[in-house]
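# Examination of the molecular architecture
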Amino acid sequence: MRFGIPLLADRVAPRCTFADAVMVVSVKGRRVRQESVVPLNGTTWADLAATLSDQDVDTLICGGIAPATRESIRSRDVEVIENVAGTAEDVLDALRKGRLHQGFGL
């Protein structure tokens, strides 16, 4: 499974369209197999959706997300786990432990 995490510096972006990059993480079981940071070329939902599609992301893990953006992302067969706060490392640790959920870190 591949996760996309919009980042602002080293934290989950408070709104997914405020991100300057997306961390893409491949997870099998509870093991992180690969991670990379992909810079975003713009700050619209379409830019984010294009990056998620290009990186074959299955699930978006984000802070805040507008309802229209959430529905656009979901219409592309990408699940959304929203209202997540913390550093990228906090989220990776929660993924490894199977503890990531909506509202994580709040």
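The text that follows walks through the structure, step by step, so that each part is easy to find. (Residues numbered from 1 in each chain as written. Predicted model: local features only at pLDDT ≥ 70, side-chain atom pairs only at ≥ 80, totals over all residues. Heavy atoms only, no water.)

## Concerning the overall build of the protein
What the protein contains, in helices and strands, is three helices and six strands. Going from N to C terminus, the protein has its helices and strands arranged as β-β-β-β-α-β-α-β-α. Seen along its three principal axes, the alpha-carbon backbone of the protein occupies a region of about 30 × 25 × 25 Å. Buried residues in the protein amount to 47% of all 106 residues. Put simply, 41% of the contacts in the protein that link residues at least 6 apart link residues at least 24 apart. One finds the centroid of the 13 positive side-chain charges in the protein at a distance of 7 Å from the centroid of its 14 negative side-chain charges. (Helix = DSSP H or I, 4+ residues; strand = E, 2+ residues; numbered from the N terminus. Buried < 20%, exposed > 50% of the residue type's maximum accessible area, 1.4 Å probe, protein only. Contact = heavy atoms within 4.5 Å. Lys, Arg positive; Asp, Glu negative; His and termini not counted. Charge placed at Lys NZ, Arg CZ, Asp CG, Glu CD.)

## With respect to the environment of Lys97
Topologically, Lys97 is positioned in helix 3 (residues 88–97). According to the relative accessible area criterion, Lys97 is partly exposed, its value standing at 41%. As for Lys97 and Arg30, which are separated by 67 residues in sequence, their C-alpha atoms are 6.7 Å apart.

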